[in-house]
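# Structure assessment
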Amino acid sequence: MATPNGTLRAVRMGLLMSQDEFARAIREAGEQAGAPNDASKRLVQRWESGTTAAPRPVYARALEAVTGLPIEALGFPASTLARISDDGHGGHDLEDSPLGIPVANGPLAAKGSPAAQAAPRANYTGIWLSTYEYVSSGRGNQVFTGKHHVVLLQHGNRLTGRSLPGASLNPDSPLTLDLQVEGNTVTGTWTEQTASEGYYRGARYFGAIQMLAEPTGRRMAGKWVGFGKEFDVNTGPWELRLLDASTDKATLASYNRPPE
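Residue positions are given per chain, counted from 1 along the sequence in the order it is written. For a predicted model such as this one, the threshold for reporting local features is a pLDDT of at least 70, and the threshold for listing and counting side-chain atom pairs is 80 or more; totals across whole chains, interfaces and linings nevertheless cover every residue. Side-chain measures here rest on the full set of heavy atoms in the structure, leaving out hydrogens and waters.

This paragraph deals with the packing of aromatic side chains. Pairing of aromatic rings covers Phe, Tyr and Trp, the last counted by its six-membered ring, and requires centre-to-centre distances within 6.5 Å; plane angles under 30 degrees mean stacked, over 60 mean edge-to-face, and any other angle means tilted. Enumeration according to the criterion identifies eight aromatic pairs in this entry. Relative to Tyr59, the ring of Trp47 lies with its centre 5.8 Å away and its plane at 70°, an arrangement referred to as edge-to-face. With Trp47 in helix α3 (residues 41-49) and Tyr59 in helix α4 (residues 57-67), the pair connects residues that are twelve residues apart, well separated along the chain. Three or more aromatic residues joined by ring pairs form one cluster here, namely Tyr132, Tyr134, Phe144, Trp190, Trp224 and Trp238. The helix and strand labels rest on DSSP assignments: H or I over at least four residues marks a helix, E over at least two residues marks a strand, and numbering proceeds from the N terminus.

To define a nonpolar core, start from buried Ala, Val, Leu, Ile, Met, Phe, Trp, Tyr and Cys residues and group those joined through side-chain atoms within 4.5 Å. Relative accessible area decides the class of each residue, using a 1.4 Å probe on protein chains only: under 20% of the type maximum gives buried, over 50% gives exposed, and in between gives partly exposed. Grouped together as the largest cluster of nonpolar side chains are 22 residues, with contacts concentrated most on Leu152, Leu159, Leu177, Val186, Met220, Trp238 and Leu240. Of all the secondary structure elements, the ones that give two or more residues to this core are β3 (126-136), β4 (142-155), β6 (175-182), β7 (185-193), β8 (204-213), β9 (219-227) and β10 (233-244). Residues Ala25, Leu69, Ile71 and Leu74 belong to the second largest nonpolar core, which totals 21 residues.

Attention now moves to the confidence of the model for the chain. Residue-level pLDDT values for the chain average 79, and 75% of them are 70 or greater. Across the chain, each position has a pLDDT score giving the predictor's confidence in that residue, from 0 to 100. Whether two residues are in contact is decided by their heavy atoms, any of which lying within 4.5 Å being enough. Predicted confidence for residues 79-84 stays below pLDDT 50, and this span has 20 contacts to residues more than four positions away or in other chains. Note on residues 103-121: pLDDT is under 50 here. Beyond four places in sequence and across chains, it has 47 contacts.

What follows deals with the pattern of salt bridges. Put simply, a salt bridge is a Lys or Arg side-chain nitrogen that is within 4 Å of an Asp or Glu carboxyl oxygen. Taken as a whole, this structure holds five salt bridges when the rule is applied. Notably, a salt bridge pairs Arg219 with Glu214, separated by 2.6 Å at the nearest N-O pair. Arg219 sits in the buried class, given a relative accessible area of 4%. One salt bridge in this structure joins Arg241 and Glu239, with 3.1 Å as the shortest N-O distance. Look at the salt bridges and you will find they share partners, linking Glu214, Arg219, Glu239 and Arg241 into a network.

Attention now goes to the packing of helix α2 (residues 19-32) against α3. The contact between α2 and α3 brings their axes to 8 Å, and the two run at 105°. In terms of orientation, α2 and α3 fall into the roughly perpendicular class. Residues Gln19, Asp20, Phe22, Ala23 and Ile26 of α2 form the contact with α3, whose own contacting residues are Lys41, Val44, Gln45, Trp47 and Glu48. Axis angles are defined between N-to-C directions and span 0 to 180 degrees, where every axis is a line fitted to C-alpha atoms and, for a helix, only to the segment in contact. Just so you know how the angles are binned, under 35 degrees is roughly parallel, over 145 roughly antiparallel, 65 to 115 roughly perpendicular, and the rest oblique.

Counting buried residues along β3, eleven of its eleven residues qualify, which places the element largely inside the surrounding structure. Strand pairing is assigned whenever DSSP detects at least two bridges linking the two strands. Of the strand pairs in this sheet, β3 and β10 are connected by six bridges, and their pairing is antiparallel. Bridged to Tyr132 within β10 is Trp238.

This brings us to the environment of Ala62. Residue placement: Ala62 occurs in helix α4. Between the C-alpha atom of Ala62 and that of Ala29, which follows or precedes it by 33 residues, the distance is 5.4 Å. Those residues in contact with Ala62 that sit more than four places away from it in its chain are Ile26, Ala29, Gly30 and Asn37.

Turning next to a nonpolar patch on the surface. Taken together, the side chains of Phe206, Val225, Phe227 and Val233 present a nonpolar region at the surface, about 330 Å² in accessible area. Within the secondary structure layout, Phe206 lies in strand β8. Patch construction takes residues with relative accessible area above 30% that form no salt bridge. Like charges are linked within 9 Å, and nonpolar side chains (Val, Leu, Ile, Met, Phe, Trp, Tyr) are linked within 5 Å. We get accessible surface area from the Shrake-Rupley algorithm with a probe of 1.4 Å; when it comes to residues, only the shown protein chains can shield them.

A few words now on the pairing of β9. As paired strands, β8 and β9 are joined by seven bridges and run antiparallel to one another. Bridge pairing in β9 links Ala213 to Met220. Where β8 folds back onto β9 in an antiparallel hairpin, the turn is made up of five residues, including Gly217, whose phi is positive at roughly 75°.

The structure is reproduced here in structure tokens:
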């Protein structure tokens, strides 16, 4: 028996749209993006009833544009199809995650969207698993993953993050985050000092990051932007998942190890 998608129905109703109006908005979003679709009231009914468990990519992107939310926050599974594109200037854009990191498009959280209006979690302080992906042009455009156990501390609407000394997937690659929370939008900068004995020979990388925080306050997902080795501009998915809200000495010690 199909499981109804109550999340999508709640989001649609929160937008004060009928199923007909919702379908029309999805079609219009597709037209604006140059990717027309045939969304109909019947299709919306199939999504909400669970008869159709997941939308095709052309509909998924339009749904994200209409709602301002990543597809996995609409009661659907996240896409795992990678779309790596050459940006024409020597860099690469990793548009979706081949390793399963759901990508939330930061610019969709525009002022007035449900994502921007949702109430933020009271406090994001805790131990988080940070996971990002990037393309290595020097290694045949392979996609690699960077993981850190990060301590986030909240001061008002500011978040500061530091990886634990021994808690990087790649040893001796400390990561720092400087973020600001506005509603469910998290925006800021990142810096990583790569290992001196690693592939990047101790190079220091930095850039911007924008994510959407889920209403539970236990996950953020979005994208990073930064410079490559030749000062090209690259981008890719980034996710933070809450592991423990405590930051006491014993908890910090238990996570001071490379993530699995």
